[in-house]
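What the coordinates show
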Amino acid sequence: MVPQPTDMKIVIWFEDLSRADVALVGGKNASLGEMVRHLEAQGVLVPPGFATTSAAYRAYVEANGIAQALAQRLDSLANGRASLHDTGEAVRRLFLDGEFPAPIAGAIREAYRKLSAATPTGEASVAVRSSATAEDLPDASFAGQQETFLNVRGERELLDACRRCYASLFTDRAIAYRNTKGFDHLRVALSIGVQRMVRSDLAGAGVMFSIDTETGFPRTAVINAAWGLGETVVQGTVDPDKYVVFKPLLEDVRLQPILEKTLGTKTSKMIYATGGSARTSTVQTTLKEQRAYVLSDAEIVKLGRWARIVEQHYGCAMDMEWAKDGETGEVYLVQARPETVQSLRSKSAFVTFKLKKRSKVLLTGAAIGEAIAAGRACLIRRAEDIERFRDGSILVTEMTDPDWVPIMKRAAGIITDHGGTTSHAAIVSRELGVPAIVGTGRGTELLQDGKELTLSCAEGEQGVVYDGLLPFETEDVDLTSIPQTRTAMMVNLASPGTALRWWRLPAKGVGLARIEFIVSNSIRVHPMALLQPQRVTDPSIRREIEALTRGHESPADYFVDTLARGVAKIAAAYHPHPVIVRLSDFKTNEYAALLGGASFEPKEENPMLGWRGASRYYDERYRAGFALECRALRKVRNELGFDNVIVMVPFCRTPDEADRVLAAMEEGGLRRGKEGLQVYMMCEIPANVILAEQFARRFDGFSIGSNDLTQLLLGVDRDSSDLARLFDERNEAVKRFVREAIEKAHAAGIKIGICGQAPSNYPEFAAYLVECGIDSISLNPDSFVATVREVAHAEQRLIAGASFSGGRLLKPRPRATDASSPDGPPSSHPSSP
């Protein structure tokens, strides 16, 4: 029996609700109540409001005689006698033609008056949101299935919006989604949340996840931001700013561990409408707004802290919406619900995708998921035309909204012009397991209907659309069977965009982080061109540099900030284990290829043996550029908080040169031993091994660079295809030098590892390193699992041999509090989210 309006609770204020009240007020409203009651004391701000109950919804259905007609319409749909469109339209009309029973209407009016009394105008502007009793559950996002009405003013408008919320329980998309998830339409009820509007039309708003939405890395918070009301971010009509924060370091108030700040185009914004019946309108943003970040660093960090607080309180990864009030400057959370995709995936098994070949790049955008799809493009611009969609095609459209869900689940992949990683297209694509590339800008313009293409989300944060149908392979990785090793197994990383993709690997840190990738792909400008722009004579290059550095206090700050955040993202992947960051080791021809680089680099006959590595750092021609590297690494350690970063010097030819480099580093604020800073050296020149005792007095550790060491010992250009057959790290001369380097490092009491490809390419070489007693082996991530097994077998053979012969097990290694120990360095920062 449905309770009568006089016998039930109709309206409940947020502060009187908790997450136990999902059946009463739906997941969205129950969560708002939970935050108001339990998290405001921790500084999390939530705008005030109230919720109507599910009992009020059922009373509305009963009072207007909707139940029987509703059941009949849904039965006709289930049995194929009616279309989804006709059913949805008819059912919504049942609700829109209904009237609120007087007790329900009176309770809503009274609550609205109370909310309005606390506003300066006496008439509150409110957001009216639907909260279904089956939504925001851990395995179903219900993203955008019901309607939201913004900037609602006055009792009459409020009741009309409430009626429309009830009707939106049966939008076509909501009916289809519940059918997909197996929810009973007749058992789902709807609560309405009425919440004081935050004047984000005068500032900005967006979405935040307490987990990396693409890789599932649990220790970051990802924030999207745009000017105006947050609906543009949710709907995917703008390309928003993106910020990434590392949660474990947020407890230290001295730090601002922002791993990424990407400026979105933000070409439009939603604001309050003035005049007429429309409540909101969309307008173009100014050029100043497009070139500015929506949030300050302090606000980014505040939201990151709130994400951590909310996640810890709920005990699961969370999906939140936030808004900034342009009148007061305050930031608020306006929604919070469980994240429904990455948090449910296995932490011990995953699938990797890899292209076997590449072709012409047609488009790029933000990658959603980590898969690859190939097929023909199906270009559809309007929801009215979705019946033209061909199953198994790659959907190409400007953006999606919930009306597109029925075809999104039949697509091999999705490409959109607009939207960020928290837009509707992104959220639903993840949940459906369909790879997508969003925010391409010109997908519908450049891709013709029926064109064969390959969509790759397997190359990091940037998704790539290639011409033609390309072959690719997949690999199932099971981490439960990976054996433990005494040798510290580490990974080599270069791209910040792919660093978090490999977080599940049980690596003991990063044995080689190459900054050249960040410089060439993210910064793109020669450091000296940023410091001495007058020497760049090409006007087009100068304009390009100006465009890249816009928004930063100076061109030098652009270099420092971009490099620091790139290194920090790599350092975050395995924090607090050590991350060995190699200083720049471009050759002169590679430096010259950077924007403005030709004005600063000599032409060398043999750049491989020329002005590279350590020799540049103290040279007056590059000393100022090297100082920028030092500033960036100092920021990584001291401002962002990644004191697990070790600095490594490459291609250091003599002990005297080592002294000059260390002096240049100290001038740049990186003093060996200060604040725990360790400095390693690449052991890659024969002189490094021959004079290892002298180098060991200047550095805290060595890392063998087998590529350069092999080419210099054998006299073979490693880039020569004609001599490729002679380039072999297993050559006896190379092996002797490797063993000697390990023995001398241990005799000097310092650590030594290897970061070349030889252990990955040749299992017998990995076994040889174990026999020599190497401390660590660093590998490319895609060869990590197989090589770890080889190393474990080699260690077991040594143990068996030692037991049989009575010999020594493995060579003893120094176990001082060295940051390269398998257990990682001691850290004052928390290491869990």
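Residues numbered from 1 in each chain as written. Predicted model: local features only at pLDDT ≥ 70, side-chain atom pairs only at ≥ 80, totals over all residues. Heavy atoms only, no water.

1. Things to note about the nonpolar core
Applicable threshold: Nonpolar cores were defined as sets of buried Ala, Val, Leu, Ile, Met, Phe, Trp, Tyr and Cys residues, with membership established by side-chain atoms within 4.5 Å. Burial here depends on accessible area, computed with a 1.4 Å probe over protein chains only, as a share of the maximum for the residue type. Under 20% is buried, over 50% is exposed, and the range in between is partly exposed. Where helices and strands are cited, they refer to DSSP runs of H or I of at least four residues and of E of at least two residues respectively, numbered from the N terminus. When checking whether two residues touch, look at their non-hydrogen atoms; a contact exists if any pair is within 4.5 Å.
Ranked by internal contacts, the top residues of the largest apolar core, which has 114 residues, are Phe 642, Val 649, Met 665, Phe 702 and Ile 704. In terms of residue count, the dominant contributor to this core is helix H18 (residues 555–573) (12 residues). With residues up to four places along the chain from it excluded, the contact list for Phe 702 reads Tyr 680, Met 681, Cys 683, Ala 692, Phe 695, Ala 696, Ala 745, Ile 750, Lys 751, Ile 752 and Gly 753. Ala 55, Ala 56, Ala 59 and Tyr 166 belong to the second-largest nonpolar core, a separate cluster that totals 45 residues.

2. Describing the packing of aromatic side chains
The condition is simple: Here a pair means two rings of Phe, Tyr or Trp (six-membered ring of Trp) with centres within 6.5 Å. Their orientation is stacked below 30 degrees between planes, edge-to-face above 60, and tilted elsewhere.
For the structure on display, the rule yields 17 aromatic pairs. Taken together, a centroid distance of 5.5 Å and an interplanar angle of 55° make the contact between Tyr 591 and Tyr 622 tilted. A residue pair is termed long-range when its members are at least 10 positions apart, and Tyr 591 in helix H19 (residues 588–592) and Tyr 622 in the loop between helix H20 (614–617) and helix H21 (623–638) qualify at 31 residues. Accessibility assignment for this pair places Tyr 591 and Tyr 622 in one class, buried. Ring geometry for Phe 765 and Tyr 768: centres 6.3 Å apart, planes at 40°, overall tilted.

3. Structural notes on the pattern of salt bridges
Here is the rule we go by: The working definition used for a salt bridge is a side-chain nitrogen of Lys or Arg within 4 Å of a carboxyl oxygen of Asp or Glu.
A complete count under the given rule lists 57 salt bridges for this structure. Linking Glu 452 and Arg 376 is a salt bridge whose minimum nitrogen-to-oxygen distance equals 3.2 Å. Here Arg 376 lies in strand S16 (residues 372–379) and Glu 452 lies in strand S20 (residues 452–456), a separation of 76 residues in the sequence. The exposure class assigned to Glu 452 is partly exposed, which follows from its relative accessible area of 33%. For Arg 376, a relative accessible area of 45% gives the class partly exposed. Its salt-bridge partner being Arg 616, residue Glu 601 comes within 2.7 Å of it at the nearest N-O pair. Within this pair, whereas Glu 601 is found in the loop between H19 and H20, its partner Arg 616 is found in helix H20, the two being separated by 15 residues in sequence. The class of Glu 601 is buried, set by a relative accessible area of 10%. Taken together, the shared-partner salt bridges connect Glu 99, Glu 157, Asp 160, Arg 163, Arg 164 and Arg 279 into one network.

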